[in-house]
Amino acid sequence: MKLYCLSGHPTLPCNVLKFKSTTIMLDCGLDTTSVLNFLPLPLVHSPRLSKLPSWVCKDGTINLEKELKECAGRVFVDSQPEFCLPERELLDLSTIDVILISNYHCMMALPYITEHTGFTGTVYATEPTLQIGRLLMEELVKFMERVPKAQSATCWKNKEIQRMLPGPLKDAVDVWTWKRSYSMQEVNSALSKVQLVGYSQKVELFGAVQVSPLSSGYSLGSSNWIIQSHHEKVAYVSGSSLLTTHPQPMDQSSLKNSDVLILTGLTQMPTANPDGMLGEFCSNLAMTIRAGGNVLVPCYSSGVIYDLLECLYQFIESANLGTTPFYFISPVANSSLEFSQIFAEWLCHNKQSKVYLPEPPFPHAELIQTNKLKHYPSIHGDFSSEFRQPCVVFTGHPSLRFGDVVHFMELWGKSGLNTIIFTEPDFSYLDALAPYQPLAMKCVYCPIDTRLNFHQVSKLLKEVQPLHVVCPEQYTQPPLTQSHRSDLMLELQPPPMPYRRCSVLNLPFRRRYERVYILPELANSLVPSEIKPGVSMATVSAVLHSKDNKHTLQSVPKPPPVPPSKKRKRVMEEPPVVLAPKPLLSGAVPLEAFLATLQKHGITEVKVEETADGHILHLQADDTLIQLEEDGTHIVCDNNEPLRTTLRDLVLRFLQKL
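Below is a short write-up of the structure. Keep in mind the model is a prediction, meaning the values are calculated, not measured.

This brings us to the overall build of the protein. The helix and strand tally for the protein stands at 17 helices and 35 strands. Taken against the 2.2 N^0.38 rule, which gives 26 Å for 658 residues, the C-alpha radius of gyration of the protein at 35 Å runs more than 25% over that of a compact globule. The principal-axis extent of the C-alpha atoms belonging to the protein is close to 110 × 70 × 60 Å. Considering only contacts in the protein between residues 6 or more positions apart, those separated by 24 or more positions represent 71%.

Following this line, the structure appears as structure tokens:
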């Protein structure tokens with residue numbers, strides 16, 4: 001059993017598991033942190049960004065004035081932002097049979113895999129994962145298509161040139177795997193390969209293994225996966241949460257008795273408590289609004305935004321923010337808010353019960369009805385005529401490199417009254433703000449990450465007790481910035497097996513058994529004989545029939561009768577001789593009793609030598625060896641047939657014939 005690791009990002013995994021005769025891809029996350037190296041794409045012409053000076057090498061040897069621009073002491077690539085794809089050279093991706101998706105953030109690289117590698121398999125995901133994943137992909141495509149850039153910068157990727165660039169461009173890894181965004185046509189084609197599954201539904205793969213999704217408690221429809229055969233079980237845990245938020249709670253008990261547990265997607269903010277961060281978010285928002293400033297929240301169009309809106313719904317009245325407008329701007333804002341209300345069966349019990357009242361499960365429905373929350377596809381159109389300040393704007397993208405957020409950064413960045421509040425943990429907020437410096441607006445970092453932290457995951461692993469744990473190498477050592485914090489890493493016995501991008505792991509357990517079915521008429525013909533009290537055994541002669549990884553023992557077909565010929569043959573043909581099967585032997589030859597028997601038969605000079613598998617008896621007078629091993633007995637005797645026969649008969653006295 002092998003695991004191929006195609007992504008180095010621990011929360012955006014992409015691994016391939018070879019298990020029995022199947023090749024299974026576990027998630028295909030898209031590492032978007034690469035976009036931080038690019039200049040923002042403004043929706044409205046930005047004089048500041050368009051007048052940035054080109055970067056010039058100090059010694060004048062490199063001229064990339066069309067590709068690289070200097071801004072606030074850093075160098076950025078001036079082209080369409082590009083994403084870091086999963087590794088595509090480590091194995092032939094056209095051999096992948098199925099892709100299992102754990103949540104909508106971990107499927108963003110799907111079109112690159114299904115459309116450009118010869119993939120012909122099936123993708124399995126829950127319905128909310130598919131629908132919200134579609135929205136996030138559609139949003140990404142629209143963000144890029146609204147601000148097309150003609151040129152594509154490639155010269156800076158040359159190894160010799162990249163080495164001479166200033167950081168962080170100099171340190172960017174795998175830059176040749178970076179690719180521009182896919183098209184809507186590719187998104188639709190990729191998602192047409194998705195087959196929907198429900199929690200605990202069992203899906204057979206070619207009769208070899210069975211896969212089944214379990215609730216992971218992190219987001220709408222998010223799953224952990226169980227991959228099992230009759231005798232082996234692998235658990236894949238990715239992006240799970242034990243906190244009580246809007247999704248169904250995590251199913252922990254089904255993870256028990258796993259041979260291998262592959263662990264990814266732990267919290268990116270192990271020291272930040274999500275409840276504390278929500279409180280800080282609300283208080284900073286209220287302070288800014290009271291001072292007459294605006295609040296900008298760069299966020300994804302689904303996920304934490306539902307919890308933020310719910311928190312604000314309870315907070316608005318007590319903080320006297322009843323008249324402050326809240327705007328949610330995204331090409332998919334309307335669909336996202338509506339989807340969250342219709343996936344009732346994927347929500348926690350508390351929200352499910354509201355549906356039967358009937359009430360909308362999320363309170364943002366009421367905020368929309370009372371006109372406190374308004375949503376728009378873009379800053380153009382209706383929004384520009386209805387826009388009132390001071391206000392709160394939720395919009396994307398959290399990287400601040402594309403989407404409507406770029407316009408608000410240019411609009412509000414110069415005033416100290418305004419505040420930007422970062423809630424998504426995927427990007428370093430200092431790197432995100434770099435191309436907007438110097439910045440007068442206040443910046444608040446409240447990363448809300450509800451995924452498992454190290455304390456919770458250690459407790460979980462103690463309860464489910466897998467034999468082996470496999471995880472990204474980042475989890476086996478403390479963070480670089482806090483090297484003294486041994487509580488921010490996984491400490492397990494036996495230690496977890498770490499992986500990094502491009503590593504191939506041989507998973508540490510061997511398949512030892514295979515299930516074989518026996519036909520009723522064949523079973524009926526067996527004659528068991530008792531070999532020791534309570535244990536019976538029977539010999540069987542049969543034909544092994546294997547198809548679709550199912551093995552069946554069938555009766556040996558009888559030879560067809562010879563048709564009588566009209567001409568009389570002079571010589572009657574002899575029927576073929578069928579030899580009776582030799583009896584099978586079972587049992588063990590006890591050393592002391594066997595030596596005593598040899599002595600009785602006049603063999604006294606015996607030298608006994610112990611080996612790893614048993615004993616070797618050297619009959620010195622006769623120059624003969626007897627090897628007594630666990631799974632066989634060998635008599636090595638040259639040119640003395642009577643002695644060999646005698647020794648054989650003595651060995652047979654201790655064995656039972658079947």
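Following the structure, the description resumes.
All told, the structure shown has 17 salt bridges when counted by the stated rule. The partner of D431 in a salt bridge is R74, and the shortest N-O contact between them spans 3.1 Å. With D431 in helix α13 (residues 429–433) and R74 in strand β5 (residues 74–77), this residue pair connects regions lying 357 residues apart in the sequence. Assessed through its relative accessible area of 28%, D431 is described here as partly exposed. For K142, the salt bridge goes to E138, with nearest N and O atoms at 3.1 Å. Taken as a pair, K142 and E138 lie in helix α3 (residues 127–146) at a separation of four residues, close to a single helical turn. Residue classification places E138 among the buried positions, given a relative accessible area of 19%. Look at the salt bridges and you will find they share partners, linking E87, D174 and R501 into a network.

The next subject is helix α14 (residues 454–464). Of the residues making up α14, those classed as buried are F454, Q456, V457, L460, L461 and V464. For α14, the arc enclosing every buried residue in end-on projection is 155 degrees, short of the 170-degree limit, so these residues lie on one face. Exposed and facing more than 90 degrees away from the buried side of α14 are H455, K459 and K462. Elements in contact with the buried residues of α14: β15 (260–264) and β22 (468–472). For α14, the capping residue at the N-terminal end is N453, with a side-chain oxygen 3.2 Å from the backbone nitrogen of H455. Positive backbone phi, at 45 degrees, marks Q465, one or two positions downstream of α14.

A separate point is a negative patch on the surface. A cluster of acidic residues, E605, D622, D623 and D638, forms a negative patch at the surface. Along the chain, D622 turns up in the loop between β32 (614–619) and β33 (624–629).

With that settled, the discussion passes to the packing of aromatic side chains. Counted by the stated rule, this structure contains 21 aromatic pairs. With a centroid separation of 5.4 Å and an interplanar angle of 10 degrees, the aromatic rings of F339 and F343 are classed as stacked. Residue F339 is classed as buried on the basis of its relative accessible area, which comes to 19%. An angle of 25 degrees between the planes, with centres 4.6 Å apart, marks the rings of Y429 and Y445 as stacked. Residue Y429 is located in helix α13, and its partner Y445 is located in strand β21 (residues 442–445); the two are separated by 16 residues in the primary sequence. Pairwise contacts between aromatic rings join Y327, Y376, F383, F387, F408 and W412 into one cluster. Above the face of the F362 ring, K351 is positioned so that its terminal group lies 5.1 Å from the ring centre.

The next subject is the packing of helix α16 (residues 591–600) against helix α17 (residues 641–653). For the pair α16 and α17, interaxial distance at closest approach is 11 Å and the crossing angle is 140 degrees. Classed by the angle they form, the pair α16 and α17 counts as oblique. As α16 runs across α17, the sense of the crossing is right-handed. Residue-level inspection shows F594, T597 and L598 of α16 in contact with α17, the latter providing L647, L650, V651 and R653.

Judged by pairing direction, the sheet is mixed, and its three strands sit side by side in the order β25-β29-β28 without closing on themselves. One side of each edge strand has no neighbouring strand; the edge strands of this open sheet are β25 (516–518) and β28 (542–547). Going across the sheet, the axis of each strand differs from the next one's by a mean of 30 degrees, ignoring polarity. With three bridges connecting them, β25 and strand β29 (residues 550–555) associate as parallel partners. Bridging from a neighbouring strand, Y517 pairs with T552 of β29.

Across a sheet, strands are paired by hydrogen bonds formed along the backbone, either parallel or antiparallel in direction. Read from one edge of the open sheet, seven strands run β10-β8-β7-β3-β2-β1-β24, paired in mixed fashion. Both edges of this open sheet fall to β10 (194–196) and β24 (504–506), since each of them pairs with a single strand only. Neighbour to neighbour, the strand axes of the sheet diverge by 25 degrees on average, direction disregarded. One ladder, built from four bridges, connects strand β1 (residues 2–5) with strand β2 (residues 15–19); its direction is antiparallel. The residue bridging C5 from the neighbouring strand is N15, located in β2.

So, on to the environment of L26. Considering the arrangement of structural elements, one finds L26 in strand β3 (residues 22–26). A relative accessible area of 0% means that L26 is categorised as buried. Placed 328 residues apart in sequence, L26 and K354 show a C-alpha to C-alpha distance of 34 Å. When residues no more than four places from it in sequence are discounted, the contact partners of L26 are P13, C14, N15, L17, L100, I227, Y236 and I262.

This part is about the side chain of S241. Tracing the chain through its elements places S241 in the loop between β14 (233–238) and β15. According to the relative accessible area criterion, S241 is buried, its value standing at 1%. Engagement of the side chain of S241 in a polar contact is seen with the backbone oxygen of T450, the distance being 2.7 Å. Setting aside chain neighbours within four positions, we find S241 in contact with S216, G217, Y218, M250, T450, R451 and L452.

A complete count under the given rule lists zero disulfides for this structure. Sulfur of C28: no disulfide; nearest cysteine sulfur belongs to C14 and is 5.9 Å away. Considering cysteine sulfurs only, C57 is the nearest to C155, which forms no disulfide, with 14 Å between them.

What counts, and where the lines are drawn
Numbering of residues starts from 1 in every chain and runs along the sequence as written. It should be noted that, the model being predicted, local features are given only for residues of pLDDT at least 70 and side-chain atom pairs only at 80 or more, the latter also being counted only at that level, while totals for whole chains, interfaces and linings use all residues. Values reported for side chains reflect all heavy atoms of the structure, with hydrogen atoms and water molecules removed beforehand. For the purposes of this entry, the term helix denotes a DSSP run of H or I that reaches at least four residues, the term strand denotes a run of E that reaches at least two, and both are numbered from the N terminus. Only C-alpha atoms enter the radius of gyration; for comparison, a globular chain is expected to reach 2.2 Å times N to the power 0.38, where N is the number of residues. Working rule for contacts: check all heavy atoms of both residues, and any pair within 4.5 Å makes them a contact. Throughout this description, the term salt bridge denotes a Lys or Arg side-chain nitrogen within 4 Å of a carboxyl oxygen of Asp or Glu. For every residue, the accessible area obtained with a 1.4 Å probe (protein chains only) is divided by the maximum for its type, and the residue is called buried under 20%, exposed over 50%, and partly exposed between those limits. By construction, the arc corresponds to the directions joining the helix axis to the C-beta atoms. The definition of a polar contact used here is a pair of N or O atoms within 3.5 Å, where within protein one atom must be able to donate a hydrogen and the other to accept one, and adjacent residues in sequence count solely through side-chain atom pairs. By definition, no residue in a patch forms a salt bridge, and every one has over 30% relative accessible area; like charges are joined within 9 Å, nonpolar side chains (Val, Leu, Ile, Met, Phe, Trp, Tyr) within 5 Å. Residue exposure ignores everything except the shown protein chains as possible cover, and the areas themselves are Shrake-Rupley values with a 1.4 Å probe. Charge assignment: positive for Lys and Arg, negative for Asp and Glu; neither His nor the chain ends contribute. Positions of charges follow a simple convention, taking NZ of Lys, CZ of Arg, CG of Asp or CD of Glu. Think of it this way: a Phe, Tyr or Trp ring, Trp meaning its six-membered ring, pairs with another when their centres are within 6.5 Å, and the plane angle makes it stacked under 30 degrees, edge-to-face over 60, tilted otherwise. In this scheme, Lys NZ or Arg CZ marks a charge over a ring once it lies within 6 Å of the ring centre and within 35 degrees of the ring normal. Between N-to-C directions, angles cover 0 to 180 degrees, with each direction set by a line fitted to C-alpha atoms, over the stretch in contact for helices. If an angle is under 35 degrees, it is roughly parallel; if it is over 145, roughly antiparallel; if it lies from 65 to 115, roughly perpendicular; otherwise it is oblique. The crossing is said to be left-handed when, going from far helix to near helix, the turn is anticlockwise and less than a right angle, and right-handed when the turn is clockwise. In short, DSSP must find at least two bridges between two strands for them to pair. Two cysteine sulfurs form a disulfide in these notes if their separation is within 2.5 Å.

Read these as spatial facts, not as claims about activity.
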